[in-house]
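Survey of secondary and tertiary structure
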Amino acid sequence: MAVPSGWHGAALKSTDLPLFANFPWSSLQPQGFLLPKGGATIHVVAEADLPEHHRDYSLDEWAEFDERVAVADTVASRTLEMPQSTGVGRALMVSFDDATSGDSSEQQQHHVTVYWEFLGKRFASHLLYVVGDPNSKQHETRLMNLMRSIKPLSASNEGKQQ
């Protein structure tokens, strides 16, 4: 995956999967995962890193499980067509506003997640931004560009730092 232009990238130590942010890491609020004004993150998760009972979910079941925190009338879902060059098989895009945040002391976040299959494994790319962010379309474009930047490693490049 390519780091979105103008974003910062890091690999989570526990999984080596990427986390991207459109703001400096120092701008994250220490009292929880509060995004700075105009802030957005994209976090990639592998199904294999989830709790064991979750690992047998289909992409649709994984999305439905995650939707349990959604404001019901904000859920939108569609199949996402991916370029063949990415090596991504089936992909599903789901978006919703988070019902578990948004009281007067917290910011309400919007989730856009692409659940996808790659080389026989399942992943999810989670985009988070504040509900009502005027840059929401740009954030979602960054997620789509990130997904289209996926490239399978050739056998000669496996294990090498990219």
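Residues numbered from 1 in each chain as written. Predicted model: local features only at pLDDT ≥ 70, side-chain atom pairs only at ≥ 80, totals over all residues. Heavy atoms only, no water.

1. Quick look at the nonpolar core
Membership of the largest hydrophobic core comes to 24 residues, with the highest contact counts inside it found for Val114, Trp116, Leu127 and Leu143. Those elements that provide at least two residues to this core are β3 (40-46), β5 (88-97), β6 (109-118), β7 (121-130) and α2 (136-148). Counting 13 residues, the second largest nonpolar core, distinct from the first, contains Tyr57, Leu59, Ala70 and Ala124. (Core = buried A, V, L, I, M, F, W, Y, C linked by side-chain atoms within 4.5 Å. Buried < 20%, exposed > 50% of the residue type's maximum accessible area, 1.4 Å probe, protein only. Helix = DSSP H or I, 4+ residues; strand = E, 2+ residues; numbered from the N terminus.)

2. Digging into the pairing of β3
The buried fraction of β3 is high, at 6 of 7 residues. With 3 bridges joining them, strand β2 (residues 18-21) and β3 adopt antiparallel strand pairing. Residue pairing across strands places Ala21 opposite Thr41, the latter belonging to β3. With 7 bridges connecting them, β3 and β7 associate as antiparallel partners. For Ala46, the partnering residue across the bridge sits in β7 and is Phe123. (Pairing = 2+ DSSP bridges.)

3. Some remarks on the pairing of β2
On any regular strand, side chains alternate: one points to one face of the sheet, the next to the other face. The alternating pattern of β2 places Pro18 and Phe20 on one face and Leu19 and Ala21 on the opposite face, and all of these are buried. Taken together, the 4 bridges between strand β1 (residues 8-11) and β2 define a ladder with antiparallel strand orientation. Directly across from Gly9, in β2, lies its bridge partner Phe20. Counting the residues in the hairpin turn of β1 and β2 gives 6 residues, including Asp16, whose phi is positive at 65 degrees.

4. Thoughts on the confidence of the model for the chain
Chain-level statistics for the chain give a pLDDT mean of 85 and a share of 86% at 70 or above. Under a pLDDT of 50 for its full length, residues 155-162 has, in the predicted model, 3 contacts with residues more than four places off or in other chains. (pLDDT = per-residue confidence, 0-100. Contact = heavy atoms within 4.5 Å.)

5. Concerning the packing of aromatic side chains
Enumeration over the complete set of coordinates arrives at 5 aromatic pairs. Residues Trp116 and Phe123 carry aromatic rings whose centres are separated by 4.8 Å and whose planes lie at 25 degrees to one another, so their mutual orientation is stacked. For Trp116, a relative accessible area of 4% translates into the label buried. Looking at Phe123, the relative accessible area reads 13%, which means it is buried. (Phe/Tyr/Trp six-rings, centres within 6.5 Å; stacked < 30°, edge-to-face > 60°.)

6. Here we look at helix α1 (residues 59-66)
Among the residues of α1, those classed as buried are Leu59, Trp62, Ala63 and Asp66. Taken around the axis of α1, the buried residues stretch over an arc of 100 degrees, which confines them to a single face. Looking at the packing, one finds that the buried side of α1 touches β3, β5, β6 and β7. (Arc of directions from axis to C-beta.)

7. Points about the sheet that holds β5
Taken in spatial order, the 7 strands line up as β1-β2-β3-β7-β6-β5-β4 in an open sheet, and their pairing is antiparallel. Both edges of this open sheet fall to β1 and β4 (76-79), since each of them pairs with a single strand only. Across the sheet, the mean angle separating the axes of adjacent strands is 15 degrees when strand polarity is ignored. Here β5 runs beside β6; their pairing, made up of 8 bridges, is antiparallel. Each residue of the ladder has a partner; that of Ala91, found in β6, is Trp116. The sheet strands contacting α1 are β3, β5, β6 and β7, and the helix crosses β5 at an angle near 15 degrees. Here α2 sits on the sheet and contacts β2, β3, β5, β6 and β7; the angle it forms with β7, its principal contact strand, is near 160 degrees. (Axes fitted to C-alpha atoms, helices over the stretch in contact; angles between N-to-C directions.)

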